[in-house]
Amino acid sequence: MVATRHLLLPLSVITATVVMTACERLPSTYNGSGYDADTKQPLIIDARLPTATTTIECAALLPNQTVTVKGHSVISQGCDLREKSIRFVLNASDSSLDCQGAVLSPTTNDASKESAITVKPKTDSAIHNVAVANCHVDGYGHALHIRQYSNPNQRYARGLTAPVANRALAPSDIRVTNVTSRSSINSGMFVGDHVHGVTFDKVHIQNAGTVGLYLEFGSRDNVIKNSVFVGNGFRNFKPNREAIAVDSSSNNLIEHNRFIYNGAGSVFLYRNCFEHANDSARSNHFKRTESSRDNVIRHNLFQEEPVGVWIASRQSRNLKGFECGAYLIKQTPFASYHLDSAKDNQVIDNRFEQVEQGIIIEDDDTLVSGNQFAATVELPISIGSEIREASPAGAIKGTVVKDNVFIDKTTEQAIKIREASKTATRIE
C-alpha cells in the first residue's frame, strides 16, 4: 500500500516528501529538533510529588552506581548524569524519585541492557504508591521498567498461574510524569506482567529499539495520556514494532497522545500465543489466558503511520518462528496461525492523518465512533479476518461503526469489510 508522507520530521533526516510502501519506511534516528512545540518535553514540571525526605547529591554519585531510592527522594538541581551509567531502583511503597530535569545516559562502553530506572519489590510482595518524575533518559536497555520481584517462569514453575494471585504480588498505583526515553536498546518503558494502576502522563518516547511502551500480559487499569511517541520500533533498519503494545492487557485508557512515524504502527492489541512454549528457561514463559479487552483509545492524533490501531494484530500473522504453544488454528510446514484475542475495545474520537490504514479490526465487539480520517488516509477502517473465518471462532462479529468522518471518501470507500463479517457489522 502506497502513501504520500509529508515533512513532519527534521530536515536532517528526511529532506523531501517521499512516496513509499510500509516495508520501505526509513529507519528512525531523529534528534528531536524540528517538532512542533507540543512534542517538546520540558525538563521539569510540577508533578505534585510528596515533600522530599531525601536529597540525592549529584556530586556524590559515582559512574556505574546503582542507587536505591529511599522515601521521597529528589536529585539535586542542575545534576548532569550523562555518560555515567547510573541506575536508580525504587523497591518500597510510598516512595518517589524526582530527577529535577537530570539527563541520564550510559558510558560509551556500557553494553548492558539493564534499565535506567527500575520499580521492583525487594521480595515476592506488592508495593504501591510509587512515583517517578522529571527524568530524561538517553540509551540503556529500558528507560523505565516496572516489574514483579520474580520472573513469570519462576512463578509458573511453582504453580502460580491465576491472574488474581499474580496481581496480588505486582506493583500498583504508580505515577510516571514528565519522563523521557530516547534510543533505548529495547522498549522505552516496560510495564511487567500483572502490574496494574500505572499512570503515564506527559511522557516522550522516541527511537526505542523495539516497542515504545509495552503493557505485558495480565497488566490492567493503566492510563497513558498527554504523551508523544515518535520513531519507535525500527530494528536493523526495518520497521518491525509499534509505539504501544497491549499484550493480553485489559481495561487500559490511552488518550490525548500523539503518534508520529513509528515502525509498524501506533497501538497494537493482541494476545501472545505462548511463545517458545517448550523453553521454560525463558523469563516470560507463561501461558497468556486473558484477552486484550475493554481498552479505550480516544482523543489521539495519528500521523505518518502504516497502521493507527490494530485490534488482534496477530490474528492473520504467520507465527511459525514464534514456536507458539496455544490457540492453534492452522498449521502447515511453513506457517502457523493462532487465535488472537482482543475483544470489547473502543476506538473513539481520534484523528488520523497521512496513515496507510487507520483501524484494523480482527476480533469481536469493537466500537469505532467519532473518529476523523483525513483525505491522506488510504484505508480508514478494515474489518475481518480470513484466517479466523476458517476456525471455530468464525467471522469477526459485533463491530459497531458510527459517527465517523471521512474526508474525500464515501462510506463504501472508507470501510472495507470481509463478506463473512458484513452481516455482523453495524454501520450508523
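Residues numbered from 1 in each chain as written. Predicted model: local features only at pLDDT ≥ 70, side-chain atom pairs only at ≥ 80, totals over all residues. Heavy atoms only, no water.

**With respect to the packing of aromatic side chains**
- Inspection of every chain in the model, using the stated rule, returns eleven aromatic pairs.
- Taken together, a centroid distance of 6.2 Å and an interplanar angle of 55° make the contact between Tyr-156 and Phe-274 tilted. With Tyr-156 in helix H1 (residues 152–157) and Phe-274 in the loop between strand E27 (265–270) and strand E28 (296–298), this residue pair connects regions lying 118 residues apart in the sequence.
- Here Tyr-156 falls in the partly exposed class, since its relative accessible area comes to 26%. (Phe/Tyr/Trp six-rings, centres within 6.5 Å; stacked < 30°, edge-to-face > 60°. Helix = DSSP H or I, 4+ residues; strand = E, 2+ residues; numbered from the N terminus. Buried < 20%, exposed > 50% of the residue type's maximum accessible area, 1.4 Å probe, protein only.)

**Re the state of the cysteines**
- Counted by the stated rule, this structure contains three disulfides.
- There is a disulfide in this structure between Cys-58 and Cys-79, and the S-S distance comes to 2.2 Å. Across the disulfide from Cys-58 to Cys-79, rotation about the S-S bond amounts to roughly 75°, and the bridge is consequently right-handed. Of this pair, Cys-58 sits in the loop between strand E3 (54–56) and strand E4 (66–68) while Cys-79 sits in the loop between strand E5 (72–75) and strand E6 (80–81), placing them 21 residues apart in sequence. Of the two residues, Cys-58 and Cys-79, both sit in the buried class.
- The side chain of Cys-273 participates in a disulfide bridge whose partner is Cys-324; the two sulfur atoms lie 2.0 Å from each other. Taking the sign of the S-S torsion, -50° for the link of Cys-273 and Cys-324, the bridge is left-handed. You can see Cys-273 sitting in the loop between E27 and E28 and its partner Cys-324 sitting in the loop between strand E30 (307–311) and strand E31 (328–332), a full 51 residues away along the chain.
- Among the cysteines of the protein that take part in disulfides, numbered as they appear in the sequence, the pairing is 1-2, 3-4, 5-6. (Disulfide = S-S within 2.5 Å.)

**Overview of the nonpolar core**
- Ranked by size, the top nonpolar core spans 71 residues in total, and within it Phe-88, Leu-97, Phe-200 and Val-267 carry the most contacts.
- Here this core gets three residues from one element, more than from any other, and that element is strand E24 (residues 242–247).
- Once residues within four sequence positions are removed from consideration, Phe-88 is found in contact with Ile-56, Leu-61, Val-67, Val-69, Ile-75, Leu-81, Leu-97, Leu-104, Ala-116, Ile-117 and Thr-118. (Core = buried A, V, L, I, M, F, W, Y, C linked by side-chain atoms within 4.5 Å. Contact = heavy atoms within 4.5 Å.)

**Topic: the sheet that holds strand E38 (residues 379–383)**
- Here twelve strands make up an open sheet; going across it, the order is E4-E7-E10-E13-E16-E19-E24-E27-E30-E35-E38-E41 and the pairing parallel. On the outer flanks of this sheet lie E4 and strand E41 (415–417), each paired with one strand and no other. Going from strand to strand, the sheet's axes swing by 10° on average, the running direction of each strand aside. (Pairing = 2+ DSSP bridges. Axes fitted to C-alpha atoms, helices over the stretch in contact; angles between N-to-C directions.)

**Description of the pattern of salt bridges**
- Applying the stated rule across the entire model yields 25 salt bridges.
- The residue Asp-364 makes a salt bridge to Arg-388 at a minimum N-O spacing of 2.7 Å. Of this pair, Asp-364 sits in the loop between strand E35 (357–361) and strand E36 (367–369) while Arg-388 is found in helix H3 (residues 386–389), placing the two residues 24 residues apart along the sequence. Across the pair, Arg-388 and Asp-364 agree in class, each one buried.
- Each of Lys-343, Asp-363, Asp-364, Arg-388 and Lys-397 takes part in a single network of salt bridges with overlapping partners. (Salt bridge = Lys/Arg side-chain N within 4 Å of Asp/Glu carboxyl O.)

**Section: the environment of Thr-107**
- Following the sequence through the fold, Thr-107 ends up in the loop between strand E9 (103–104) and strand E10 (117–119).
- Looking at Thr-107, the relative accessible area reads 17%, which means it is buried.
- For Thr-107, the side chain forms a polar contact with the side chain of Asn-109, separated by 2.8 Å. (Polar contact = N/O pair within 3.5 Å; in protein donor to acceptor, adjacent residues only side chain to side chain.)

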